[in-house]
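Observations on chain architecture
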Amino acid sequence: MSEALLTVDGLQAWYGRAHILDGIALTVGRGEVVALMGRNGAGKTTTLKAIMGLVERRAATLRLDGCDLSALPTHRIARLGVGYVPEDRRIFADLTVEENLEVGRQPPRPGAPVWTPEKLFALFPNLAEMRGRRGTRMSGGEQQMLTLARTLMGNPSLLLLDEPSEGLAPLIVRQMADAVRRLKAEGLSVLLSEQSLSFASAVADRACVIETGRLRWTGTMTELMADDGVRAAYLAV
Amino acid sequence: MSFLLVQALSGLATAATLFLVSSGLTIVFGVTRIVNFAHGSFYMVGAYAGWSLIERFGGTPAGFWGSVAAAALAMGVLGAAMEIGLLRRLYRSPELFQLLGTFGVVLVVQDLTAWAWGPEDLLGRRASGLKGSIDILDQPFPLYDLVLIGLGPLVLGLLWLLFNRTRWGTLVRAATQDREMTSALGVDPARLFTGVLFLGCALAGLGGALQVPREAVTLQMDVAIVVEAFVVVVVGGMGSLTGAFLASLLIGQLQAFGILVFPQITLVIVFLFMAVVLVLRPHGLLGRAEEMPPTAPATVTVPLSRGRHAGVWALALLAVMAAAPLVAGDYALILLTEVVILALFAASLHLLIGLGGLVSFGHAAWFGLGAYGSALLVKHMDAPMPLALAGAPVLAGLGALVAGWFCVRRSGLYFAMLTLAFAQIVWSIAFQWYAVTGGDNGILGVWPSAWAAGKAAYYWLTLALCGGALWLLRRAAFAPFGYALRAGRDSGLRAESVGIDVRRFQWMAFVLAGAAAGLAGGLYAFAKGSVFPTLLAVPQSVDALVMVLMGGIQTVAGPLAGAAVFHLLESEVMSMTDWWRLVLGLIIVALVLVFPKGIVGFLSGLRSSFGRRRA
């Protein structure tokens, strides 16, 4: 495995007094796609938010390319090259597609692919047709594409993708999987949370399985597909 | 005809100033979700700073406009400083804290301005190069006003370009919708907000400096303009620039022609207009439903506790207080009487805020209405004290019945603004209706009956009546009525789905609180022997809020402690200095920053943190 881009160790997180994450440890290598798997409420979303500095209280060793992230505010983490795509999309509904992309724009970063609106419109042809349209008038799939494109405008080296396939039509899910593979080919590293085994197996190299805020299993995607026991214990609904 | 045209034009000139100030207020609100009470202070200081600069450099057109611009920029810098020093810490606080914190700034700025420029009204020189007037249909019209009329649309256009055609504007609009997501995209929200406060306050300062050639610069212009700007922003739809522009035009005309038709009640017309607009279009002319700020009930979700042996403690306290005349002198008794009255006033407000989650910014209306009710009965009908006292809660309750019908239709900030509007209506009636209320001369000679004329006797009477009323309020808090109110506060939707008519309960609470405040007001009138419009004014409402805040929202006993501490502070500490506004303002700011749970909450917090092993 290549040298790790993101190292997370001993990640703890709380919502108020509720202890949500207890000692999550994982790494994402350069150009690697890692799937964070687990049932509803296992702590996948919280893990991504905690990396991004979006939970009230957390404690961890967090390193991106040697930089310590644990004490930085969210916008500094983003500027170091972490792109965050939330599960609930959160596009700016009052802004047009182009304006949404503008909000995400950051200067190019050495060692990470550089994105422009034109390049993104090539990747997501649907968006190209609605540049001037406001977010309120877009379908769920289009919104999901826009969220991803908006984050890419920051030229991240690591992408945190929260449940990218959730609530999308099968055709859009396939487009999404294609997009993730394209991003990997461009050299991006991806940490995605996912409940769908088929989506994860289509895009991920490795998987980390969590349950009730603890890391239960890690291994390659192939190993996970072969291990009926793990899948039954932590993923089967 | 030509007269009407000129009147309309001068309405447009007023509208231009109003728009400059309101646009700043609405921009700041749109992004930070804070209603900045201190916005008018930037207008006022902008006018003072503009006056000084224009006196010195205003001899040439370039000097004049340079002075105006410099004053505006200076206010922008001060606004940015306020964001960094205060607002930044209040973004997650309940709106009560935001309103009070920024009102603290109003007080501080008033005293600092008086210190720097003196208490006299200042008359500025006319704008160089625009001193004359032109004839419009044979009526002279000032050139300067004509320039102002053009300035309104110009600023609107420039702001539109700024928000729609620049990256900064796009980021601000994004942050308005989703602050957290914007920061996750690498934008520093803190810097963005500082910039927004700079812009908003610079617009207020610009409005102020532009007023220098038109009218006197006074220490009263801050609250006057901010209340008008509130109306404009609420009517236009909070956060909407175009809405603010439209509303400014409408209100400018309303004032220009209202003064011809009803010269006595111009203030009332504006507020009535706002109430009507809000009932017809709940989110203002151009506001949208989703622009409603999420209220922040999180800090009041701690359930009220009855307290152990509360009854025993209350009786013990009552016994001690009843024994006070045995040892206390006249002055101490007067002070204690006022404390007891204010405790009821604060407790009645607490019923609305603590139980109903309804932050009233005009609670003085009912206190003052009670006081005026008693005084009017004495003055015009020669009523004996008991009858006059009984009239106080009745008049206040009736007033609250009418106002409450409007107010409870809205929640959160709109509720606060509506209550403020009604308080201003009542205030302006008391202030302007000389024949009946005596205007700012007030009503004198409201003395108790002979049997209650002694200090001790009146104190006992007050203690008995307020004690009874407080007991009733407490009973209400722990009765099904109180539970229903709290259910409506914590989740209106869920409360309604189990069959609670939330609005009706809130309306009842509003009337109950109004009547209780009215009783306090009536007692206050007889304690003082006179009533003045200040009893109905914004600062009186804020005093009540400070008392509630000092005591803490989470406890029923809080407002009592708050009233006592506040009144003793006010009469003992603040009377020692001429700068009481400065002191009070700083206390308020400290309170919202350091003791968000109030005195009682702070003490019980200390107690429980000693009792509990730290996690």
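About the criteria used
Residues numbered from 1 in each chain as written. Chains lettered and ligands numbered in written order. Predicted model: local features only at pLDDT ≥ 70, side-chain atom pairs only at ≥ 80, totals over all residues. Heavy atoms only, no water. UniProt positions renumbered as here; feature names shortened; annotations may be inferred. Helix = DSSP H or I, 4+ residues; strand = E, 2+ residues; numbered from the N terminus. Buried < 20%, exposed > 50% of the residue type's maximum accessible area, 1.4 Å probe, protein only. Lys, Arg positive; Asp, Glu negative; His and termini not counted. Charge placed at Lys NZ, Arg CZ, Asp CG, Glu CD. Phe/Tyr/Trp six-rings, centres within 6.5 Å; stacked < 30°, edge-to-face > 60°. Patch = residues over 30% accessible without salt bridge, like charges linked within 9 Å, V, L, I, M, F, W, Y side chains within 5 Å. Areas by Shrake-Rupley, 256 points an atom, 1.4 Å probe, with all protein chains shown as cover. Salt bridge = Lys/Arg side-chain N within 4 Å of Asp/Glu carboxyl O. Domains from an automatic or database assignment. Contact = heavy atoms within 4.5 Å. Buried area = accessible area lost by both parts, 1.4 Å probe. Polar contact = N/O pair within 3.5 Å; in protein donor to acceptor, adjacent residues only side chain to side chain. Nonpolar A, V, L, I, M, F, W, Y, C, P; charged D, E, K, R; others polar.

- Chain B has the name ABC transporter permease in an unreviewed UniProt entry, where Azospirillum oryzae is given as its organism.
- A UniProt comment under Sequence similarities (unreviewed entry) is attached to chain B, and it reads "Belongs to the binding-protein-dependent transport system permease family. LivHM subfamily."
- What UniProt records for chain B under Subcellular location (unreviewed entry) is the sentence "Cell membrane".

- For chain A, the name recorded in an unreviewed UniProt entry is ABC transporter ATP-binding protein, with Azospirillum oryzae as its organism.
- The annotation that UniProt attaches to chain A under Sequence similarities (unreviewed entry) is "Belongs to the ABC transporter superfamily."

**Section: the overall build of chain A**
- Assigned secondary structure in chain A consists of 10 helices and 10 strands.
- Taking the principal axes of the C-alpha coordinates as reference, chain A spans close to 45 × 40 × 35 Å.
- Counting across all 237 residues of chain A, residues that qualify as buried make up 53%.
- Placing the 28 positive and 27 negative side-chain charges of chain A at their respective mean positions leaves the two points 3 Å apart.

**Here's the deal with the packing of aromatic side chains**
All names here are of chain B.
- Going through the model one piece at a time under the given rule, you end up with 17 aromatic pairs over all chains.
- A centroid spacing of 5.0 Å and a plane angle of 85 degrees characterise the contact between phenylalanine 37 and phenylalanine 103, whose relative ring orientation is edge-to-face. Separated by 66 residues along the polypeptide, phenylalanine 37 in the loop between α1 (2-32) and α2 (39-57) and phenylalanine 103 in helix α4 (residues 95-117) bring together distant segments of the chain.
- Ring plane angle 55 degrees and centroid distance 5.3 Å describe the contact between phenylalanine 367 and tyrosine 524, whose orientation is recorded as tilted. Taken together, the positions of phenylalanine 367 in helix α14 (residues 364-381) and tyrosine 524 in helix α21 (residues 502-528) put the pair 157 residues apart, joining distant regions of the chain.
- Assessed through its relative accessible area of 0%, phenylalanine 367 is described here as buried.
- The exposure class assigned to tyrosine 524 is buried, which follows from its relative accessible area of 14%.

**Notes on a nonpolar patch on the surface**
All names here are of chain B.
- Together, Phe3, Leu4, Ile259, Leu260, Val261, Phe262 and Ile265 make up a nonpolar patch on the protein surface, roughly 610 Å² of accessible area in all.
- Listing elements by their share of the nonpolar patch, those giving two or more residues are α1 and α10 (241-261).
- Among the secondary structure elements, isoleucine 259 is positioned in helix α10.

**Quick notes on the domain arrangement of chain B**
Residue and element names in this part refer to chain B.
- If you check the domain split of chain B, you get domain 1 (2-291) and domain 2 (321-536).
- Residue-level contacts link 25 residues of domain 1 with 20 residues of domain 2.
- Buried area between domain 1 and domain 2, both sides added, is near 2100 Å², and the carbon and sulfur share of it is 80%.
- For the interface between domain 1 and domain 2, the tally reads 0 salt bridges.
- Along the contact surface separating domain 1 from domain 2 lie 0 residue pairs in polar contact (both at pLDDT 80 or more).
- Per element, the largest residue contribution to the side of domain 1 that touches domain 2 is 9 residues, and it comes from helix α11 (residues 266-280).
- The residue inventory of the side of domain 1 that touches domain 2, partitioned by class, reads 20 nonpolar, 3 polar and 2 charged.

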